[in-house]
Amino acid sequence: MNISSHIQDLLYRYECVVLPGFGAFLSQKQSAYIDENSNEFYPPNKVISFNRQLIKNDGLLANYIAEVESVKYNSANNMIQEFVYDLENSLQNDAKAELANIGKFYLDAEDKLQFEPFSEINFLTQSFGLASYKALPVQREVYKKQVEELEEKTPLLFTPERRRSSILKYAAIGLIALGVSSFAGLNIYSSQVSKHNIAEQQEAENQLHEQIQQATFVIDNPLPAVTFEVEKQSGNYHVVAGAFRVEENAHKKVDELRDAGFKARYIGANKYGLHQVVYSSHQSRRDAINKLYEVKRTNEAAWLLVQEL
């Protein structure tokens, strides 16, 4: 079983994926940019980095492996430990190790672990299908000279400057003819418009008078306004309490957490068909992490989900 493929799947959805006992892969959004030296355009993407200090098991990777591979949670942890053991052996023997489609590790001259991410895969789902491309200079002046030489030999006009000059000449002739014919008909048209406006104005006044007479109401006791206060959680950082195969179990979990004082809610099923329940949602990552540390005292399997709902 390739643990790196499961880490890759989670990097599309989360900003932090911990490989217990080894370190954590962090992703950060990067805006689109143009390389001025190569004139190459790069779409928005996620920049992957590695933190050797974050080694504590947060349950995210193990829970995902247990679900996808249909194994128990403890078995998933054992698989992760074997994978980390192989990584450490590769670093000790060859001073390097690779995780497919994610990046490679190597030991520098000071025997410190370094990480170099691969750029072949863009983990930002909003940029799916977008690839970098190189902008080529447009040879307008070269083609323009060739067209101007062709115009000298043909009656057709290709360049914008000559077309514009020709169009202006014929437009001036047309405007003179149009002005002469329009002046004669202008007086007749103005007289007809005035008569039509007077008749329409009289008809509108009659209709307004009839409507005012028919639509007279007196409201003695207007109903009082009703105000509802609805507490709505918002934010893209969610502290997940659990994911359930059966939706009914998810709703039971929501009721249980609310009885315990949490602002729990059901946020629907993910792409794996699991119904997710969250303790709370937050606007900032820091608030969400603080809440995650708090609930892990009673639920070690809780994790942080970064998703726009």
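Presented here is an overview of the structure given in this document. Remember, it's a predicted structure, so these values are computed and weren't measured experimentally. (Residues numbered from 1 in each chain as written. Predicted model: local features only at pLDDT ≥ 70, side-chain atom pairs only at ≥ 80, totals over all residues. Heavy atoms only, no water.)

Attention now moves to the pattern of salt bridges. Scanning the entire structure with this criterion turns up 7 salt bridges. A salt bridge links Glu15 to Arg285; its shortest N-O distance comes to 2.8 Å. Residue Glu15 is found in the loop between α1 (3-11) and β1 (16-19), and its partner Arg285 is found in helix α7 (residues 285-295); the two are separated by 270 residues along the sequence. Assessed through its relative accessible area of 24%, Arg285 is described here as partly exposed. Measuring nitrogen to oxygen at the nearest pair gives 3.4 Å for the salt bridge that ties Glu88 to Arg52. Taken together, the residues span a long stretch of sequence, with Glu88 in helix α3 (residues 73-94) and Arg52 in the loop between β5 (45-51) and α2 (60-69) at a distance of 36 residues. On the basis of relative accessible area, Arg52 is assigned to the partly exposed category, the value being 36%. (Salt bridge = Lys/Arg side-chain N within 4 Å of Asp/Glu carboxyl O. Helix = DSSP H or I, 4+ residues; strand = E, 2+ residues; numbered from the N terminus. Buried < 20%, exposed > 50% of the residue type's maximum accessible area, 1.4 Å probe, protein only.)

Reading across from one edge, β1-β2-β5 is the order of the 3 strands in this open sheet, with antiparallel pairing throughout. Each edge of the open sheet carries a strand with a single partner, namely β1 and β5. Pairwise comparison of adjacent strand axes, ignoring direction, gives a mean angle of 20° for this sheet. Looking at chain direction, β1 and strand β2 (residues 23-30) are connected through 4 bridges and run antiparallel. Note on β2: the bridge partner recorded for Val18 is Ala24. Relative to the sheet, α1 contacts β1, β2 and β5, its axis offset from that of β1 by approximately 160°. (Pairing = 2+ DSSP bridges. Axes fitted to C-alpha atoms, helices over the stretch in contact; angles between N-to-C directions. Contact = heavy atoms within 4.5 Å.)

The strand order across the open sheet formed by 3 strands is β6-β7-β8, and the pairing between neighbours is antiparallel. Unpaired on one side and paired on the other, β6 (96-99) and β8 (113-117) mark the two borders of the sheet. Averaged over all neighbouring strand pairs, the angle between strand axes comes to 20°, with direction disregarded. With 5 bridges joining them, strand β7 (residues 103-107) and β8 adopt antiparallel strand pairing. Following the sheet pairing, Phe105 is matched in β8 by Phe115. Set on the sheet, α3 makes contact with β6, β7 and β8; between it and β6 the angle comes to about 140°.

Soluble, globular proteins show a tendency: their nonpolar side chains are buried together. Ranked by internal contacts, the top residues of the largest apolar core, which has 34 residues, are Ile7, Leu19 and Phe25. Those elements giving two or more residues to this core turn out to be α1, β1, β5, α2, α3, β6 and β13 (303-306). Counting only domains with at least three residues in this core, you end up with domain 1 (3-127) and domain 2 (237-306). Among residues more than four places away in sequence, those in contact with Leu19 are Ile3, Ile7, Ala24, Phe25, Leu61, Ile80, Phe83, Val84 and Leu87. (Core = buried A, V, L, I, M, F, W, Y, C linked by side-chain atoms within 4.5 Å. Domains from an automatic or database assignment.)

Next up on the list: unusual backbone geometry. Even without being a glycine, Ser70 presents a positive backbone phi close to 55°. Even without being a glycine, Asp111 presents a positive backbone phi close to 65°. In this fold, Asp111 is placed in the loop between β7 and β8.

Note that β6 and β7 share 4 bridges and pair antiparallel. Within β7, the position partnered with Glu98 by the bridge is Lys104. Connecting β6 to the antiparallel partner β7 that follows it, the hairpin turn spans 3 residues, and Asn101 within it adopts a positive phi of roughly 65°. Between β7 and β8, which pair antiparallel and follow one another directly, the connecting turn spans 5 residues, one of which, Asp111, has a positive phi of 65°.

Three or more residues of α2 are buried, namely Leu60, Leu61, Ala62, Tyr64, Ile65 and Ala66. In this fold, the buried residues of α2 make contact with α1, β1, α3 and β13. Once α2 ends, the next one or two residues include Ser70, with phi positive near 55°.

A few words now on the packing of α2 against α3. For any two helices packed against each other, one specifies the crossing angle of their axes together with the interaxial distance. Relative orientation of the contacting elements α2 and α3 amounts to 115°, with a least axis distance of 8 Å. Overall, the two elements α2 and α3 adopt an arrangement that is roughly perpendicular. Judged by the sense of rotation from one axis to the other, the crossing of α2 with α3 is right-handed. Residue-level contacts link Leu61, Ala62, Asn63, Ile65 and Ala66 of α2 to Tyr73, Ala76, Asn77, Met79 and Ile80 of α3. Among the residues making up the contact of α2 with α3, the classes are represented as 8 nonpolar, 2 polar and no charged. (Parallel < 35°, antiparallel > 145°, perpendicular 65-115°, else oblique. Left-handed = near helix turned anticlockwise from the far one by under 90°. Nonpolar A, V, L, I, M, F, W, Y, C, P; charged D, E, K, R; others polar.)

So, on to the packing of aromatic side chains. One pass over the structure, following the stated rule, counts 10 aromatic pairs. Taking the centre distance of 5.5 Å and the plane angle of 70° together, the rings of Tyr64 and Tyr272 count as edge-to-face. Linking Tyr64 in helix α2 with Tyr272 in the loop between β11 (265-269) and β12 (275-282), this pair joins segments that are 208 residues apart in sequence. By relative accessible area, which is 27% here, Tyr272 ends up partly exposed. Clustering of aromatic rings is evident, with ring pairs tying together Phe22, Phe25, Phe50, Phe105 and Phe115. Above the ring of Phe22, the side-chain terminus of Arg52 is found at 4.7 Å from the ring centroid. (Phe/Tyr/Trp six-rings, centres within 6.5 Å; stacked < 30°, edge-to-face > 60°. Lys NZ or Arg CZ within 6 Å of the ring centre and 35° of its normal.)

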